[in-house]
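Close look at the chain arrangement
Chain by chain, the residues:
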Amino acid sequence: MTTTLITGANKGLGFETARRLIAAGHTVYVGARDAERGRRAADELGARFVRLDVTDDASVEAAAKTLDAAGGLDVLINNAGIETRTEDNSVPVAATVTADQMRTTFETNVFGVVRVLHAFLPLLQRSAAPVVVNVSSGLGSLTQLSDPDHPAHFYPGIAYPTSKTAVNMLTVQFAKAFPAMRINSVEPGFTKTDLNGNTGTQTVAEGAEIIVRMAQVAPDGPTGGYFDAKGPLPW
């Protein structure tokens, strides 16, 4: 039985990914910082719940102890993420972004990934087929955002794409450091979720496709890569 932990899994892409992986036979832990919402989601899915706030060391360490006591971990999906938005659902641009906004975004999107990886690496290293999926974004691609012919070029925000570029670098460096693991970044696409004020053009079912696929990658599959549903993406 494959045991999978998904951070930020009480709604959106995390919830849909959990649903799909449970259907595929995984034992899934719904990681959520809000205990009530997390338990409700886990009950609805037929999953297990673990309280996990990726911005809090004690919470992450306690979650790791819970899974260790329950038997370990095979697949870690770093899904929890935020995008700073104003009251009118716009994003802070170069002229207005503040260091505090950057820090808040990085605390969840980047430092949270490192915090969770650090805590769960010992469990993953004991798995026969360890997998890590870092949910990134096409907005993390320097190639795409610097290409005036690509739609992503016109996204004006600073904090979110910068954080996802950092996540991609974490993927590269962790994959090199732990070659026995399959560690990849994925781009779900512009999906309708609370993160973007539900302005996305894809359903969560469409967005979860690449997350689910890479969560089930074989031990001889790709690692240190960056993928969307169509295949590899340029960094």
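For clarity, every value in this text was computed on a predicted model and none was experimentally measured.

**Thoughts on the pairing of strand 1 (residues 3-7)**
- Burial runs high along strand 1: five of the five residues are buried.
- Along strand 1, one buried face is formed by T3, L5 and T7 and the opposite face, lined by T4 and I6, is buried too.
- Relative to strand 2 (residues 27-32), strand 1 runs parallel, the two being bridged by five bridges. Its bridge partner lying in strand 2, T4 is registered against V28.

**A few points about the nonpolar core**
- Of all hydrophobic cores here, the largest spans 29 residues; its most connected members are L5, L52, L67, L73, L76, V116 and F120.
- Of all elements in the fold, only helix 3 (57-70), helix 5 (111-125) and helix 7 (159-177) reach the threshold of two or more residues within this core.
- The element contributing the most residues to this core is helix 5, with eight residues.
- The residues touching V116, leaving out its near neighbours within four places in the chain, are T7, L52, V54, V60, L76 and N78.
- Residues V28, L45, A215 and V217 belong to the second largest nonpolar core, which totals 28 residues.

**What about the packing of aromatic side chains?**
- All chains considered together, the criterion is met by three aromatic pairs.
- Seen in terms of ring centroids, F106 and F111 are 6.1 Å apart; in terms of plane orientation they differ by 65 degrees. Their pairing is edge-to-face.
- We classify F111 as partly exposed; its relative accessible area is 38%.
- Ring centres 6.3 Å apart and planes at 20 degrees place the aromatic pair F174 and F178 in the stacked group.
- Relative accessible area serves as the criterion here: at 18%, F174 is assigned to the buried category.
- We classify F178 as partly exposed; its relative accessible area is 22%.

**Focus on the pattern of salt bridges**
- Enumeration according to the criterion identifies eleven salt bridges in this entry.
- A salt bridge links R19 to E16, with the shortest nitrogen-to-oxygen separation between them at 2.7 Å. Taken together, the residues R19 and E16, both in helix 1 (residues 12-23) and three residues apart, mark about one turn of the helix.
- For the salt bridge of D68 with R126, the shortest nitrogen-to-oxygen distance reads 2.5 Å. Of this pair, D68 sits in helix 3 while R126 sits in the loop between helix 5 and strand 5 (131-135), placing them 58 residues apart in sequence.

How each quantity is defined
Residues numbered from 1 in each chain as written. Predicted model: local features only at pLDDT ≥ 70, side-chain atom pairs only at ≥ 80, totals over all residues. Heavy atoms only, no water. Buried < 20%, exposed > 50% of the residue type's maximum accessible area, 1.4 Å probe, protein only. Helix = DSSP H or I, 4+ residues; strand = E, 2+ residues; numbered from the N terminus. Pairing = 2+ DSSP bridges. Core = buried A, V, L, I, M, F, W, Y, C linked by side-chain atoms within 4.5 Å. Contact = heavy atoms within 4.5 Å. Phe/Tyr/Trp six-rings, centres within 6.5 Å; stacked < 30°, edge-to-face > 60°. Salt bridge = Lys/Arg side-chain N within 4 Å of Asp/Glu carboxyl O.

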